[in-house]
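So the chains spell out like this:
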Amino acid sequence: MNGPFQIRLLAEESSVLPGLAEWFVAEWPSYYGKAGPGNALSDLADSMNHDRLPLALVAMGDAGRVMGTAALKATSLGGEVAPGPWLAAMLVGPDHRGRGVGSALVEAIEGAAKRLGYSVLYSSTDSLEHLLIRRGWEEIGATDSLRGAICIYRKILG
């Protein structure tokens, strides 16, 4: 337990897939929306693994409410700058922000990467910079996304 929520594998919480897919479409409409190239439900389903990439985690609150999610993926935006693996697809519901959910998800993804034998983790973001820096990540470059310029960060896993 990490406060009033638990971090769990998405593979153990399959009932939340449709709701998470709706969140992804709302957050990243240029990619997951009707005109975009992505399929949120398919991407999430592909991340329902226990011990291999891609692997997604969910923060679960009271009564089975999803508070947030994050994934550990082999590739992501910025793959031309760094090889991976990547902290990606991180999203905390608007009603749950500022409660430590994002920090707990990042910590859990770092732990999952270490458990799978990785010594370095990368992330590309246009909104999580302060969270990553607080957790000891360093900026190593930038790239462009459908939403504009994004920074690329690296964390050496101890």
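Structure shown above.
Reading the values: rules and limits
Residues numbered from 1 in each chain as written. Predicted model: local features only at pLDDT ≥ 70, side-chain atom pairs only at ≥ 80, totals over all residues. Heavy atoms only, no water. Phe/Tyr/Trp six-rings, centres within 6.5 Å; stacked < 30°, edge-to-face > 60°. Buried < 20%, exposed > 50% of the residue type's maximum accessible area, 1.4 Å probe, protein only. Core = buried A, V, L, I, M, F, W, Y, C linked by side-chain atoms within 4.5 Å. Helix = DSSP H or I, 4+ residues; strand = E, 2+ residues; numbered from the N terminus. Pairing = 2+ DSSP bridges. Axes fitted to C-alpha atoms, helices over the stretch in contact; angles between N-to-C directions. Contact = heavy atoms within 4.5 Å. Salt bridge = Lys/Arg side-chain N within 4 Å of Asp/Glu carboxyl O.

Caption draft 1: The arrangement of the packing of aromatic side chains in detail. The tally for this structure, following the rule as stated, stands at five aromatic pairs. For the ring pair Phe-24 and Trp-28, a centre distance of 5.0 Å and an interplane angle of 90° mean the geometry is edge-to-face. Each member of the pair, Phe-24 as well as Trp-28, carries the same accessibility label: buried. Among the aromatic side chains, those forming a connected cluster through ring pairs are Phe-24, Trp-28, Tyr-31 and Tyr-32.

Caption draft 2: Structural context of the nonpolar core. By size, the foremost hydrophobic cluster in this structure holds 28 residues, and its most contacted members are Leu-87, Met-90 and Leu-105. Secondary-structure elements contributing two or more residues to this core are β2 (55–60), β3 (66–73), β4 (86–92), α4 (101–115), α5 (129–134) and β7 (148–156). Per-element accounting of this core gives the leading share, seven residues, to α4.

Caption draft 3: Quick look at the sheet that holds strand β6 (residues 138–145). On the basis of which strands lie adjacent, the open sheet formed by seven strands has the order β1-β2-β3-β4-β5-β7-β6 and mixed pairing. The open sheet has two edge strands with one neighbour each: β1 (6–9) and β6. Looking at each pair of strands side by side, their axes are set apart by 25° on average, direction ignored. Sheet topology places β6 next to β7; seven bridges connect them, and they run antiparallel. Across the sheet, residue Asp-144 finds its bridge partner in β7, namely Ala-149. Its contacts with the sheet place α4 against β1, β2, β3, β4, β5 (120–125) and β7, and it is angled at close to 30° to β3.

Caption draft 4: Region of interest: the pattern of salt bridges. Taken as a whole and judged by the stated rule, the model has five salt bridges. Here Glu-12 makes a salt bridge to Arg-8, at a shortest N to O gap of 3.4 Å. A relative accessible area of 42% places Glu-12 in the partly exposed class. In this structure, the salt-bridge partner of Glu-110 is Lys-155, at a minimum N-O distance of 3.4 Å. A residue pair is termed long-range when its members are at least 10 positions apart, and Glu-110 in helix α4 and Lys-155 in strand β7 qualify at 45 residues. Note on accessibility: Glu-110 and Lys-155 belong to one class, buried.

Caption draft 5: Broad picture of the environment of Thr-75. Take Thr-75: it is sitting in the loop between β3 and β4. For Thr-75, a relative accessible area of 60% puts it in the exposed group. Separated by 40 residues in sequence, Thr-75 and Arg-115 place their C-alpha atoms 18 Å apart.

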